[in-house]
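# Structural characterization, general
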Amino acid sequence: MRLKYVLSEVLVGLWRNVTMTIAMIITMAVSLTMLGAAGLMYLQVDQMKDFYYGEIEVSIFLDKEISPEQQAALETALNEDPLVREVRYESQEEALERFKTLFQDAPDLVNAVQANTLPASFRVKLHDPEQYQQIYEKFKDVEGVDEIIDQRRLFDKIFNILGTIQNMALVAASVMAIAALLLVANTIQVAAYSKRREVAIMKLVGAPNWFVWAPFVLEAVTAAVIGALLAFIALVLAKQFLLDGALKDLTDLLTPIEWSRVLLMLPLMVGVGSFFSAVTAWITLRFYLRV
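Residues numbered from 1 in each chain as written. Predicted model: local features only at pLDDT ≥ 70, side-chain atom pairs only at ≥ 80, totals over all residues. Heavy atoms only, no water.

All right, on to the overall build of the chain then. Helix and strand counts for the chain come out as 10 helices and four strands. In the chain, the succession of helices and strands from N to C terminus is α-α-β-α-β-α-α-β-α-β-α-α-α-α. Every one of the 291 residues in the chain was classed for burial, and the buried ones make up 39%. When contacts within the chain are restricted to residue pairs at least 6 apart in sequence, those whose partners lie at least 24 apart make up 85%. In the form shown here, the chain has an accessible surface area of approximately 16,900 Å², with 64% of it arising from carbon and sulfur atoms. (Helix = DSSP H or I, 4+ residues; strand = E, 2+ residues; numbered from the N terminus. Buried < 20%, exposed > 50% of the residue type's maximum accessible area, 1.4 Å probe, protein only. Contact = heavy atoms within 4.5 Å. Areas by Shrake-Rupley, 256 points an atom, 1.4 Å probe, with all protein chains shown as cover.)

The residue Val30 is located in helix 2 (residues 18-55) in this model. Between the C-alpha atom of Val30 and that of Ala234, which follows or precedes it by 204 residues, the distance is 9.2 Å.

Core analysis: the biggest nonpolar cluster contains 24 residues, and Ile188 and Met269 have the highest contact counts within it. Elements with a contribution of two residues or more to this core: helix 2, helix 7 (151-194), helix 9 (209-246) and helix 10 (259-288). For this core, the leading source of residues is helix 9, giving 10 residues. In contact with Met269, not counting residues within four places along its chain, are Leu32, Thr33, Gly36, Ala228, Ala231, Phe232 and Leu235. Core analysis: the second largest hydrophobic core is formed by 18 residues, Val84, Ala120, Val124 and Ile135 among them. (Core = buried A, V, L, I, M, F, W, Y, C linked by side-chain atoms within 4.5 Å.)

A few words now on the pairing of strand 1 (residues 58-62). With respect to burial, strand 1 is a largely interior element, five of its five residues being buried. Side-chain alternation along strand 1 places Val58, Ile60 and Leu62 on one buried face and Ser59 and Phe61 on a second face that is also buried. In terms of strand pairing, strand 1 meets strand 3 (residues 121-126) through four bridges, oriented antiparallel. By the bridge assignment for strand 3, Ile60 is matched with Phe122. Pairing of strand 1 with strand 4 (residues 145-150), which is carried by five bridges, proceeds in the antiparallel orientation. Across the sheet, the residue bridging to Phe61 is Glu147, located in strand 4. (Pairing = 2+ DSSP bridges.)

This brings us to the pattern of salt bridges. Counted according to the given criterion, the structure contains three salt bridges. Put simply, Asp81 and Lys138 hold a salt bridge, and the shortest N to O gap is 2.9 Å. With Asp81 in the loop between helix 3 (68-80) and strand 2 (84-90) and Lys138 in helix 6 (residues 132-139), the pair connects residues that are 57 residues apart, well separated along the chain. On the basis of relative accessibility, which here comes to 8%, the residue Asp81 falls in the buried class. Residues Lys140 and Glu137 are paired through a salt bridge, measuring 3.3 Å at the closest nitrogen-oxygen approach. (Salt bridge = Lys/Arg side-chain N within 4 Å of Asp/Glu carboxyl O.)

Moving on: helix 6. Taken together, the buried positions of helix 6 are occupied by Tyr132, Ile135 and Phe139. For helix 6, the arc enclosing every buried residue in end-on projection is 65 degrees, short of the 170-degree limit, so these residues lie on one face. (Arc of directions from axis to C-beta.)

In structure tokens form, the structure reads like this:
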């Protein structure tokens, strides 16, 4: 009987302040959408780091005047180095083919480059890409080595940009979350004021605080759950029609976002939204509802 009463009061309370309820749900949905997007981005950047760092190569470009003996000695030293996982030799002809693939949209540039203008190189993969500096110090002064370039530097710049976007999304989500929680607090105050007589009567007949406060807290939680569901729908639509649709050709650098990760955001958003809404409602009632 008590549960039925509490649930009926929740529905009545949501409908009584329907405009504020809608505003609370929309604000919560926007903030949770941004939170979910930020969470997906954090997971995605970590996955991209694992994927791309595993494919990173150290390019050791050879001097054009290198002798066969020097080249063989260098290759042997690389293969015997415990830091090295894999060594692959790329000839000038192979370098030209790679160049043609990379710049296939610029035929004039491709036609102007000949194989003898590109250096041969050793493409080296390390067990730990963080140990590039040690490889650089070992081989930078070896005879026949012209230049050593680490692809990790390029990826670090890209991931720094993505990390900045992550932080911006998280800050925006935090600002929207604060706005949503303030709106929750204001809505609870209005609801408590509109039912002040009923609350006073319930307290006079000995109703415990949890019974008096439960409808108000559940109103906030219900609005948060609805907002989380709307936020999840927004993430699904963004995944389906933007990342996998209109923007697919623009996101080749990104590793695919798996549906399992999108689904993981639903319990996260529901949990976060419900918890903070409930806490905000409880604190508001504790300081405001004194009868």
